[in-house]
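Structural characterization, general
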Amino acid sequence: MRPNVAIIGAGFGGLCMAIQLEKAGIRSYTVFEKGVDVGGTWRDNTYPGAGCDIPSHLYSFSFERYSSWTRRYPGQPEILRYLEGCADKYGLRSRIRLNTMVVAAAFDESLGRWRVRTTAGDELFDVVVSAVGQLNRPHLPNIPGMSSFNGAAFHSARWNHSVDLAGRRVAVIGNGSSAAQLIPKVAEVAGHLDVFQRTPNWVIPKPDAVFGPRARMAFRHVPFLQRAYREWVYRYAENTLYPALAGGWSTDLLRKRALGHLREQVPDPLLRAKLTPGYPVGCRRVVIDSGFYPALTRPNVDVVTDGITRIVPGGVETTAGLREADVIVYATGFDTSDFLAPMQVTGRGGRQLAEEWKGGAEAYLGIAVPHFPNLFLLYGPNTNLGHNSIVFMIECQVRYIMGCLPYLASRGPMEVRPEAMATWRRSLDRAMEGMVWQAGCTSWYKNAAGRLTNNWPGTTTTYRRITRAPRPEAFHFARRTAATGPVTGNR
Ligand code: NAP
């Protein structure tokens, strides 16, 4: 039996899943993509300066290594081209339905299949794989008066390229990774730029470099060079960056690196004080950028730390008075903790995923949820990283799901057992205890109640090991086998 698979999203996750199905000769899948093309976050985020702060050779599929990266840290257009190239090379396009949003999915127990409702109608599938990512829904703040603003206003992930910023007064609200990338570009052209900072971030330099024709030639032709380079980048992240997040040997090193970077790039002690975080390094996502601090020291840029009280037609009003603006950029991040929202996902017994997750999203291995048979998640709860490439995690998850498919064929719909979920939850909670994310800071890694719903607390090597293959004893199967006896009705 070849399962009929619905994949939701055509970013890194959805494309990876589709490619592995193709490789296995399973063409009975459909990728639903709400956007106009493939690429996910790399299609959405087109703000000036958009790029990745994970080296390109690691921020790409291990099975589709690309020797032609033009930089150590890839820009958005190059990553998007890479993903489009993958869709073309593996012949995925005919199976991708663009401009088609999944609004709901419900497990039909009598059929043992998922009824997937899209903006184009209903369809039945054996398996649903969600690949919607964690950073796909822009978060707009709830500041009074936002709709009264006279000028152009947009979110960093919905950049309005028709607005000319040259010589204008621009307000950027937020100072996370997106803001840090776009601020240097905006500062170059704006007449004046106000950066509204609520909480300073730790910033370390991004040692970017151009890969010229010779380097690219070497990556292409010198045996094992590309593989060795990728491995080196990976090992560095695992062995040096991860310990800094886990209270290990490199914590102090990372702190000193960030403080040294601040000292080198910001000579003004008052501005330096504003930019110095008051919480441990790594508690929130560390910004990796070499252009951010220099941009903040420009004469046409102010870092505003006075609280925003409201938006008025002429600009941003703070506790210290009005900051006039022609354009407001909301670099205010994403709604990260509701995961599959706004899709309505209904499992066995009419259970609603949103209701199951009201205390905080959780999934066994970040992949499977009790009472939701044959639903698999990519980049699900507790699989985000603060130190390494998410593409690595996605590949682990896809391999795991591929490992589940033969069970589905022989034993019917599979559903993770609540006991397995409970054991998983306990081990996660234990692992979280040592992580710096707990150290009294706010971040998008946590839900409103302060539960760490987004991050994976271990190394990626550990994650790869525990997701190498599904353990059938962690699952209920709908059909009996000689070896296991009946399981239906034993839930
Ligand atoms: P973010 O890190 O969540 O930053 C949002 C910013 O908006 C914060 O500075 C936040 O202030 C501010 N903010 C939110 N609501 C506000 C309000 N009501 N008033 C004032 N300020 C407000 O979002 P992001 O920069 O888009 O980055 C999100 C994630 O995307 C990153 O952490 C990273 O994982 C990923 N990303 C990666 C790259 C890359 O190079 N790999 C590039 C861009 C983004 P507070 O800090 O005080 O909450």
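Residue numbers here run from 1 along each chain, matching the order of that chain's written sequence. Given that this is a predicted model, residues contribute local features only at a pLDDT of at least 70 and side-chain atom pairs are listed and counted only at 80 or more, while totals for whole chains, interfaces and linings are drawn from all residues. Hydrogens are left out, water is left out, and the side-chain values use all remaining heavy atoms of the structure.

For the protein, an unreviewed UniProt entry supplies the name Flavin-containing monooxygenase and the organism Streptosporangium vulgare. UniProt positions are given in the numbering used here, feature names are shortened, and annotations may be inferred rather than shown by experiment. In UniProt, the protein has this text filed under Sequence similarities (unreviewed entry): "Belongs to the FAD-binding monooxygenase family."

Considerations on the environment of L262
Mapped onto the elements of the fold, L262 is located in helix α7 (residues 251-265). Burial status follows relative accessibility: with a 1.4 Å probe on protein chains alone, a residue under 20% of its type maximum counts as buried, one over 50% as exposed, and anything between as partly exposed. On the basis of relative accessibility, which here comes to 3%, the residue L262 falls in the buried class. Residues L262 and R272, ten residues apart in the sequence, show an inter-C-alpha distance of 6.9 Å. Note on definitions: a residue-residue contact is assigned when non-hydrogen atoms from the two residues lie within 4.5 Å. Once you skip the residues sitting within four places of it in the chain, L262 turns out to touch R272, L275, T276 and Y293. The helix count covers DSSP runs of H or I at least four residues long, the strand count covers runs of E at least two residues long, and both are numbered beginning at the N terminus.

Things to note about the pattern of salt bridges
When a carboxyl oxygen of Asp or Glu is within 4 Å of a side-chain nitrogen of Lys or Arg, the pair counts as a salt bridge. One pass over the full model with this rule turns up 26 salt bridges. E64 serves as the salt-bridge partner of K89, at 3.0 Å between the closest nitrogen and oxygen. Separated by 25 residues along the polypeptide, K89 in helix α3 (residues 76-89) and E64 in the loop between α2 (41-44) and α3 bring together distant segments of the chain.

Considerations on the domain arrangement of the protein
Each domain of the protein was delimited in the assignment, giving domain 1 (5-38 + 92-137 + 335-490) and domain 2 (146-330). For each domain, the first and last residues come from an automatic or database assignment. When each unit is reduced to the centre of its C-alpha atoms, the spacing between domain 1 and domain 2 is 31 Å. Taken together, the contact between domain 1 and domain 2 spans 22 residues of the former and 18 residues of the latter. Joining two parts hides part of their accessible area as seen by a 1.4 Å probe, and the buried area is that hidden amount summed over both. Here domain 1 packs against domain 2, burying approximately 1600 Å² in sum over the two surfaces, 54% of which is carbon and sulfur. Among the residues of domain 1 in contact with domain 2, H387, V436 and C441 are the three that bury the most area, contributing 32% of the side total. Across the domain 1-domain 2 interface, the total number found is zero salt bridges.

Some details on the site of the ligand
A single heavy atom is enough: if one lies within 4 Å of a molecule or strand, its residue is considered near that molecule or strand. Near the ligand you find 22 residues, and of these N175, S178, T199, R284 and W444 are the closest. We call two N or O atoms a polar contact when they sit within 3.5 Å, provided that within protein one can donate a hydrogen and the other can accept it, with sequence-adjacent residues counted only if both atoms are side-chain atoms. The side chain of W444 places a nitrogen or oxygen atom 2.8 Å from an oxygen atom of the ligand. Using a 1.4 Å probe, the Shrake-Rupley method yields the accessible areas, and only the shown protein chains count as cover for residues. Burial of the ligand by the protein amounts to 85% of the accessible area it has alone, namely 910 Å². Sort the elements by how many residues they give to the shell around the ligand and helix α4 (residues 177-189) lands first, with three residues.

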